[in-house]
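Structural characterization, general
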Amino acid sequence: MKLTYTTKNQRLQVEIDSDSVKETFKKLAEFQEVFDESCCQLCHNEDLQFVVRTVDGNDYYELKCRKCFAKLAFGQHKTGGSLFPKRKNDDGSFDKEGKGWHKWNGKSD
Ligand SMILES: [Zn+2]
């Protein structure tokens, strides 16, 4: 079965090819979690940039807002190579306000 999905903001398209509904569901879920962030949750700008920073041999995956320079960081699952957006505060509670989008003070890389 083949499925074509376009993100909410119409900027990205993915073609998912799989044998079962469950597999399609899984792949689509994985795609949506990472690529279907339609705008910065702080300023609602839709012009986002995918950034990978390498520090000390570790890769850090981030989405960056080109307007207010806020970032959404992604965590990496230990197996499978998939990513997930970090939407929690440092204390483990859900970040209701920015949904994981943060501005790092004084840093402008
Ligand atoms: Zn922004």
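Everything below is about the structure printed above this text.
Residues numbered from 1 in each chain as written. Predicted model: local features only at pLDDT ≥ 70, side-chain atom pairs only at ≥ 80, totals over all residues. Heavy atoms only, no water.

A separate point is the pattern of salt bridges. Throughout the structure, instances matching the rule amount to seven salt bridges. A salt bridge links Asp 47 to Arg 11, with the nearest nitrogen and oxygen atoms 3.9 Å apart. With Asp 47 in the loop between helix H1 (21-35) and strand E3 (48-55) and Arg 11 in the loop between strand E1 (2-6) and strand E2 (13-17), this pair connects stretches of sequence that are 36 residues apart. Owing to a relative accessible area of 48%, Arg 11 belongs among the partly exposed residues under this scheme. One salt bridge in this structure joins Lys 27 and Glu 23, with 3.2 Å as the shortest N-O distance. You can see Lys 27 and its partner Glu 23 sitting in helix H1, four residues apart, about one turn around the helix. By relative accessible area, which is 35% here, Lys 27 ends up partly exposed. (Salt bridge = Lys/Arg side-chain N within 4 Å of Asp/Glu carboxyl O. Helix = DSSP H or I, 4+ residues; strand = E, 2+ residues; numbered from the N terminus. Buried < 20%, exposed > 50% of the residue type's maximum accessible area, 1.4 Å probe, protein only.)

Now for the packing of aromatic side chains. Taken as a whole and assessed by the stated rule, the structure comprises three aromatic pairs. Relative to Phe 31, the ring of Tyr 5 lies with its centre 6.2 Å away and its plane at 80 degrees, an arrangement referred to as edge-to-face. Of this pair, Tyr 5 sits in strand E1 while Phe 31 sits in helix H1, and the two are 26 residues apart along the sequence. This pair shows no difference in class: Tyr 5 is buried, exactly as Phe 31 is. (Phe/Tyr/Trp six-rings, centres within 6.5 Å; stacked < 30°, edge-to-face > 60°.)

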